[in-house]
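Survey of secondary and tertiary structure
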Amino acid sequence: MTPEVQAAYAACRAIARKKAKNFYYAFIALPASKRDAICAVYAFMRQADDLSDDESHTIAHRRVALDAWLTNWHQALAGAPTSDPVFVALLDAQRSFAIPSQLLDQLVQGTATDLEPKFAEYATFPDLYRYCYLVASVVGLVCIRIFGYLDPRAEKLAEETGIAFQLTNILRDVREDAERGRLYLPLEDLERCGVSASSMTAISSGKQLTPPQRQVLAIQAERAGQFYKSAEALLPLISPDSRAAMWVLVTIYHRLLRHIEQRNFDVFSTRIGVPAYEKLSILGCGLFKTLAQGVWA
């Protein structure tokens, strides 16, 4: 590995350490080469997300900036010189782990979803599933290339694990999304529970949810719980040296869902998360499983 590539990976690790609040605990449990590759993917996603979410600029300006950034990536992919450390690291990771360029483009497509005029309208759960696929399942499909797998069933299970993660994120972020006029809840579920979309986006911080509104959120939690079963089935299908990382990540996200449920979906009065000490405990358990002979065999 050249000094340039080493420095590029170091830059990506710094980005992941600073920004990847849940993911980074799982990254620690990976072998160094896989950890570097995951950090490069994360840094690439972070760049795209930051361009899409920069509310100091208009949506039109953000779209132009994202398109220009993606053009630069495609040029680097085609062999053009690049000084962007994230591109340098990701090119190396892509070669090492055979990550399809199509999946990386879908990652960017997912981040650009919120720039669409009707980004906040999802009539049915299949509509929301497609959004979750682009912003989360594709991440899982990239990650398992790095983790390693042989059984093709791993791909569908990784897709569904991403759905579980994103539904958990949606529940956690309902307040922040509502403040931005965004609603990632199927309109058919709101209608079934007798809740208007405007009543959800109008809830201010600290206001009590009504029982029907809680029921809408409970429907999403139930779906997420079903998709977490795919994560359990995926674990034995990936390479043993990556199972601890996968277990840590799934456990942290599933624990977050449990905390939300335990708070009776009160995601408006405070932001619910998994405390750092709890994440460290989960990480320690994952590392112990790795050290314990035969646990991941």
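Everything quoted here is computed from the prediction, not taken from an experiment.

Details of the overall build of the protein
Counting its regular elements, the protein contains 14 helices and 0 strands. The N-to-C order of helical and strand elements in the protein reads α-α-α-α-α-α-α-α-α-α-α-α-α-α. In summary, the protein has a C-alpha radius of gyration of 19 Å against a globular reference of 19 Å for 297 residues, a match within 12%. For the protein, with 297 residues in total, the buried portion stands at 54%. Of all intrachain contacts in the protein linking residues separated by at least 6 positions in sequence, the fraction that spans at least 24 positions is 72%. Summing over all exposed atoms, the protein offers an accessible surface of approximately 13500 Å²; the carbon and sulfur share of this is 55%. Separation between the mean location of the 32 positive side-chain charges and that of the 32 negative ones in the protein comes to 5 Å.

A short note on the nonpolar core
Among the nonpolar cores identified, the biggest contains 110 residues, and F27, F44, L107, L128, I144, L167 and L217 are the most heavily contacted of them. With 15 residues, helix α7 (residues 125–147) is the largest single contributor of residues to this core. Those residues in contact with F27, other than ones at most four positions away along the chain, are A16, A20, R35, I38, C39 and Y42.

Considering the side chain of Q106
As for its position among the elements, Q106 is in helix α6 (residues 101–111). Aside from chain neighbours lying at most four places away, what touches Q106 is Y133, L134 and V138.

Side note on the environment of E188
Looking at where E188 falls in the secondary structure, it is placed in helix α10 (residues 187–192). Put simply, E188 and F125 are 63 residues apart on the chain and 7.8 Å apart in space, counted from C-alpha to C-alpha. Among all residues touching E188, those that are not within four sequence positions of it are A123, T124, F125 and R223.

Concerning the packing of helix α1 (residues 3–19) against helix α3 (residues 32–53)
Orientation of α1 relative to α3, taken along the N-to-C sense of each, is 65 degrees, at an axis distance of 8 Å. By the angle class used here, α1 and α3 are roughly perpendicular. Crossing geometry of α1 relative to α3 is assigned as left-handed. Within the contact between the two elements, α1 uses Y9, C12, R13, I15, A16 and K19 and α3 uses D36, A37, C39, A40, Y42, A43, R46 and D50.

Re unusual backbone geometry
Residue N264 is not a glycine yet carries a positive backbone phi of 55 degrees. Exposure remark for N264: the relative accessible area of 42% places this residue in the partly exposed category.

Remarks on the pattern of salt bridges
This model, assessed by the stated rule, comprises 15 salt bridges. R192 serves as the salt-bridge partner of D189, at 3.1 Å between the closest nitrogen and oxygen. Within this pair, D189 and its partner R192 are both found in helix α10, separated by 3 residues, close to a single helical turn. Classification of R192 by relative accessible area gives exposed; the value is 54%. For D189, the salt bridge goes to R223, with nearest N and O atoms at 2.7 Å. Of this pair, D189 sits in helix α10 while R223 sits in helix α12 (residues 211–234), placing them 34 residues apart in sequence. If you follow the salt bridges from partner to partner, you end up with R172, D173, R175, E176 and R271 in one network.

Thresholds applied
- Residues numbered from 1 in each chain as written.
- Predicted model: local features only at pLDDT ≥ 70, side-chain atom pairs only at ≥ 80, totals over all residues.
- Heavy atoms only, no water.
- Helix = DSSP H or I, 4+ residues; strand = E, 2+ residues; numbered from the N terminus.
- Rg over C-alpha atoms; globule rule 2.2 N^0.38 Å.
- Buried < 20%, exposed > 50% of the residue type's maximum accessible area, 1.4 Å probe, protein only.
- Contact = heavy atoms within 4.5 Å.
- Areas by Shrake-Rupley, 256 points an atom, 1.4 Å probe, with all protein chains shown as cover.
- Lys, Arg positive; Asp, Glu negative; His and termini not counted.
- Charge placed at Lys NZ, Arg CZ, Asp CG, Glu CD.
- Core = buried A, V, L, I, M, F, W, Y, C linked by side-chain atoms within 4.5 Å.
- Axes fitted to C-alpha atoms, helices over the stretch in contact; angles between N-to-C directions.
- Parallel < 35°, antiparallel > 145°, perpendicular 65-115°, else oblique.
- Left-handed = near helix turned anticlockwise from the far one by under 90°.
- Salt bridge = Lys/Arg side-chain N within 4 Å of Asp/Glu carboxyl O.

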